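A structural walkthrough
Chain by chain, the residues:
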Amino acid sequence: MKLEGKKRIWSEFQKEIPDDHFFYVRSCIRQSFFPGSEQFFLKVLKEDLGKDIFEDPNHTTCTGIGYHGDVVQFDTIQTVVARHFALATEHGYKDVVISCVTSFGIYEEIIETWKHYPETLEKTRENLYKATGRVFDVPDSITHSSDIIYKFKDEIAAKAKFPLIDHVTGEPLRIVEHIGCHYSKMFPKYGVGGAEFPHVLIGMIEAWGGEVIDYPERRHCCGFGFRQYIVQANRGYSLSNSRKKFVSMQPYKPEAIIANCPGCTMFMDKWQYTIKEMDGMTYGQHGQGIPVLTYEELAGIVMGYNPWDLGLQYHNVQSEPLLDKMGIKYDQEEKYLTKDGKKLPVPKDLINA
Amino acid sequence: MENLYTQLLEDVRFEEGLNACMNCGVCTAICPAAEFYNYDPRMIVDMVQTRNDEVIRDLLKSETIWYCGQCMSCKTRCPRGNTPGQIIMALRLLSQKLGYFTESEKGRQQFAVKRTVGDNILEYGYCVPSYDVEPERHPEQGPVWEHIYENLEHFIARAGGELYGKEGPLRRFTPEVMQELRDIFDVTGGLDLFDAIEEASEKKAKEMDMEFTKEGIDCEYFRHVYTFDSGIHFIEEPIMEDHETGR
Ligand code: SF4
Ligand code: SF4
């Protein structure tokens, strides 16, 4: 095939990611379960990469879990998101960075709806003005925060203290990546690599020395299912989907799972605990669980940040087996200290501890 | 006649989500809900496209529209560009607006979604803040979560934030911000939807002779819809058992 044609075909799967001046919106789940990840992201962008990233503390939830849990209507969520855009506009930002795959999918849906049904954009402008007196510009770009890490993966690789390599054998570590359904299954053009070749996490893992595992249920949902988790009676749905993935990935001996979406990260960690409690099963090597990390946590340990400042001790599946393979030195005693050095009790029944 | 099909068409997601379905079943093949529940998204799309109000009313009262997990995997794969998941969102919304959702066990659970996530949004400005993930309601979160829940202030501080501070993770929003959020819900019909869910649920609780409180989650009806499972929803033989590679 001529190079030109090849380039044209692949251009559909590439995404333009802005270089600087970002307006950041947080995720309910990421800040509630992985606050260290969001703090790391902001720090690395500002201090290590020298970028301008701004957060207005007055931005609220996007209401996304309510929307996909069917108690928030489309008109409502469009207006809440429009309020975020108004805050970005007021501060002079045109590029919005989103810390949650559920939110990101909703932003995609809203912007696409506004394009195809311009009357919905007008209606949203009216609603927002009536409710808050605010006006907004539609942003030039929306990116997921992993897109930004992907863009700067080589700069991070250049600063890597502990690449994703077994420090004894020199072999690359085998990593499972999980993209999260709403990243690019709904509107492929918004994701790096689209729906067919989602590359955002692969790019990071390979740039940092690891090897990506391909396994049968790689693109299967983690099983969040919104109402299927929120309501206790339905949680078997969520558990079964995660389990289906664990069973499928187990023969490939993953050293870690890296997830794009904070919800997926949380579920794949918690359900390993639940399954172990229920029937004693674990899916890692030597009877261990598989540590599940956010991409920020992964970038952090690669760059040599203290794993306990990133929050790895707050997962059910502890990450020591991974840290040991990478040759990272850590102090067990520091895990459950408060910020000012007070000792907190150590949680029971941790996996891999 | 209520003109249910016309009411569905008013939902832009429905208009976008449904072109003529050719009943190929690709959506069902890829659907994670169809593997777990006795569920077939192809059938729902096919029933809706009959445009028959009686068929649609049965759907609005059914268990089946509540099985979807909204992963939207079906959107990527449908050869006709349909999105069964979005059609289902439109059906669920209409079912709640018309009060039909209380006719099914899975539909009644919407009361629990409203009293947790829905109320969190207007009370805290977050869908699921850590302090609402009570360990008793979330045994699957494990002892590490109990530790976090009891030491939340330290958990956030160790990450470099301040619980209930002015900025950063789990900051507290000002009354002005919370009022803006509430006003958005008011102007866009969000409060009306909450009221519709509350009203129908209260009526159902009375019918089922269960205690119902006007707010919070400490009542018999909440506990019932949140935890009850009649066991009629699942496919008979879970496919996965055979594949377990156990040690
Ligand atoms: S994949 Fe599309 S065309 Fe095929 S049955 Fe499902 S909705 Fe109909
Ligand atoms: S969105 Fe719903 S119907 Fe579509 S594949 Fe996911 S669970 Fe199935």
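Here the structure is a predicted model, which is why all the values come from computation and not from measurement.

1. Thoughts on unusual backbone geometry
The phi torsion at Phe226(A) lies on the positive side, around 55°, for a residue other than glycine. If you trace the backbone, Phe226(A) turns up in the loop between strand 6 (211-212) and helix 12 (227-230).

2. Structural notes on the site of ligand 2
Surrounding ligand 2, one finds Cys31(B), Pro32(B), Ala33(B), Tyr39(B), Pro41(B), Cys68(B), Gly69(B), Gln70(B), Cys71(B), Met72(B), Cys74(B) and Gly85(B). Partitioning the shell around ligand 2 into residue classes produces nine nonpolar, three polar and no charged.

3. Some thoughts on the pairing of strand 7 (residues 256-259) of chain A
Residues and elements named next belong to chain A. Burial along strand 7 is two-sided: the face carrying Ala256 and Ile258 and the face carrying Ile257 and Ala259 are both buried. Relative to strand 7, strand 5 (residues 174-178) is paired through four bridges, and the arrangement is parallel. For Ile175, the partnering residue across the bridge sits in strand 7 and is Ala256. Relative to strand 8 (residues 292-294), strand 7 is paired through three bridges, and the arrangement is parallel. Residue pairing in the sheet places Ile257 in a bridge with Val292 of strand 8. On the question of chirality, the crossover connecting strand 7 to the parallel strand 8 by way of helix 14 (residues 262-279) is right-handed.

4. A short note on the interface of chain B and chain A
Where the parts come together, the accessible area they lose is often given as the size of the interface. The partner chain A presents 99 residues to the 97 residues of chain B that form the contact. Around 8,100 Å² of area is buried between chain B and chain A when both sides are counted, 57% of it from carbon and sulfur atoms. For the pair chain B and chain A, the number of links is seven salt bridges. Among the ionic pairs, Arg77(B) bridges to Glu196(A), the shortest N-O distance being 2.9 Å. The interface formed by chain B and chain A includes 55 residue pairs in polar contact (both at pLDDT 80 or more). It is helix 10 (residues 110-124) of chain B that provides the largest number of residues to the side of chain B that touches chain A, a total of eight residues.

5. Considerations on the site of ligand 1
The immediate surroundings of ligand 1 are formed by Cys21(B), Met22(B), Asn23(B), Cys24(B), Gly25(B), Val26(B), Cys27(B), Arg42(B), Cys78(B), Pro79(B), Asn82(B) and Pro84(B). Of the residues assigned to the shell around ligand 1, the class counts are eight nonpolar, three polar and one charged.

6. Overview of the domain arrangement of chain B
All names here are of chain B. Splitting chain B by domain gives domain 1 (4-98) and domain 2 (105-227). One C-alpha centre belongs to domain 1, the other to domain 2, and the line joining them spans 28 Å. In this assembly, seven residues from domain 1 lie in contact with seven residues from domain 2. Considering only the side of domain 1, the residues that lose the most area to domain 2 are Glu63, Trp66 and Gln96, jointly responsible for 74% of the buried surface there. If you look at where domain 1 meets domain 2, you find zero salt bridges. Its residues assigned to classes, the side of domain 1 that touches domain 2 shows four nonpolar, one polar and two charged.

7. Topic: the side chain of Arg158(B)
Along the chain, Arg158(B) falls in helix 12 (residues 152-158). A polar side-chain atom of Arg158(B) sits 3.3 Å from the main-chain carbonyl oxygen of Lys335(A). In this view, Arg158(B) contacts Asn306(A), Trp308(A), Asp309(A), Gln313(A), Glu334(A), Lys335(A), Leu337(A), Thr338(A) and Lys339(A); residues no more than four positions away in its chain are not counted.

8. Quick notes on a nonpolar patch on the surface
Judged by side-chain polarity, Ile9(A), Trp10(A) and Phe197(A) come together as a nonpolar surface patch covering roughly 300 Å² of accessible area. The topology assignment puts Phe197(A) in the loop between helix 10 (181-184) and helix 11 (200-207).

9. What about the nonpolar core?
Judged by nonpolar contacts, the single largest core of 187 residues is most densely connected at Ile65(A), Tyr107(A), Trp208(A), Ile301(A), Tyr39(B), Val48(B) and Leu91(B). In terms of residue count, the dominant contributor to this core is helix 5 (residues 74-90) of chain A (nine residues).

10. Side note on the packing of helix 6 (residues 101-116) of chain A against helix 7 (residues 118-132) of chain A
All names here are of chain A. Where helix 6 meets helix 7, the axes come as close as 4 Å, and the angle between the chain directions of the two elements is 115°. Classified by the angle their axes make, helix 6 and helix 7 are roughly perpendicular. Across the interface between the two elements, Thr113, Trp114, Lys115 and His116 of helix 6 pack against Pro118, Thr120, Leu121 and Thr124 of helix 7. When the residues that make up the contact of helix 6 with helix 7 are grouped by side-chain class, the tally is three nonpolar, four polar and one charged.

11. Some details on a negative patch on the surface
Residue and element names in this part refer to chain B. Taken together, the side chains of Asp186, Asp192, Asp195 and Glu199 define an acidic patch exposed on the protein surface. For the negative patch, the element with the most residues is helix 14 (residues 190-207), which contributes three residues. Summarising the element assignment, Glu199 is placed in helix 14. With relative accessibility at 61%, the residue Glu199 sits in the exposed group.

12. Comments concerning the pattern of salt bridges
In the structure shown here, the tally under the stated rule is 36 salt bridges over all chains. Among the salt bridges present, the one from Glu202(B) reaches Lys214(B), with a minimum N-O distance of 3.0 Å. Placement of the pair is Glu202(B) in helix 14 and Lys214(B) in the loop between helix 14 and helix 15 (220-227), with a sequence separation of twelve residues. Note on Lys214(B): relative accessible area 62%, which makes it exposed. Within the structure, one salt-bridge network assembled from shared partners comprises Arg83(A), Glu90(A), Arg134(A) and Glu180(B).

13. Description of the domain arrangement of chain A
Residues and elements named next belong to chain A. According to the domain assignment, chain A consists of domain 1 (22-145) and domain 2 (161-334). One C-alpha centre belongs to domain 1, the other to domain 2, and the line joining them spans 26 Å. The interface of domain 1 with domain 2 comprises 30 residues on the first partner and 29 residues on the second. Between domain 1 and domain 2, roughly 2,500 Å² of surface is buried when both sides are summed, and carbon and sulfur atoms account for 69% of that area. Sorting the residues of domain 1 by area buried against domain 2 places Phe34, Phe40 and Val101 first, and these three jointly supply 25% of that buried surface. A salt bridge links Arg30 to Glu296, with the shortest nitrogen-to-oxygen separation between them at 3.1 Å. At the boundary of domain 1 with domain 2, the tally comes to eight residue pairs in polar contact (both at pLDDT 80 or more). Only helix 2 (28-33), helix 3 (35-48), helix 4 (64-68), helix 6 and strand 4 (141-144) provide two or more residues apiece to the side of domain 1 that touches domain 2. In terms of residue count, helix 6 provides more of the side of domain 1 that touches domain 2 than any other element does, nine residues in total. Of the residues belonging to the side of domain 1 that touches domain 2, the class tally is twelve nonpolar, ten polar and eight charged.

Reading guide: rules and limits
Residues numbered from 1 in each chain as written. Chains lettered and ligands numbered in written order. Predicted model: local features only at pLDDT ≥ 70, side-chain atom pairs only at ≥ 80, totals over all residues. Heavy atoms only, no water. Helix = DSSP H or I, 4+ residues; strand = E, 2+ residues; numbered from the N terminus. Near = heavy atom within 4 Å. Nonpolar A, V, L, I, M, F, W, Y, C, P; charged D, E, K, R; others polar. Buried < 20%, exposed > 50% of the residue type's maximum accessible area, 1.4 Å probe, protein only. Pairing = 2+ DSSP bridges. Right-handed = clockwise from strand over helix to strand, strands pointing away. Contact = heavy atoms within 4.5 Å. Buried area = accessible area lost by both parts, 1.4 Å probe. Salt bridge = Lys/Arg side-chain N within 4 Å of Asp/Glu carboxyl O. Polar contact = N/O pair within 3.5 Å; in protein donor to acceptor, adjacent residues only side chain to side chain. Domains from an automatic or database assignment. Patch = residues over 30% accessible without salt bridge, like charges linked within 9 Å, V, L, I, M, F, W, Y side chains within 5 Å. Areas by Shrake-Rupley, 256 points an atom, 1.4 Å probe, with all protein chains shown as cover. Core = buried A, V, L, I, M, F, W, Y, C linked by side-chain atoms within 4.5 Å. Axes fitted to C-alpha atoms, helices over the stretch in contact; angles between N-to-C directions. Parallel < 35°, antiparallel > 145°, perpendicular 65-115°, else oblique. Lys, Arg positive; Asp, Glu negative; His and termini not counted. Charge placed at Lys NZ, Arg CZ, Asp CG, Glu CD.

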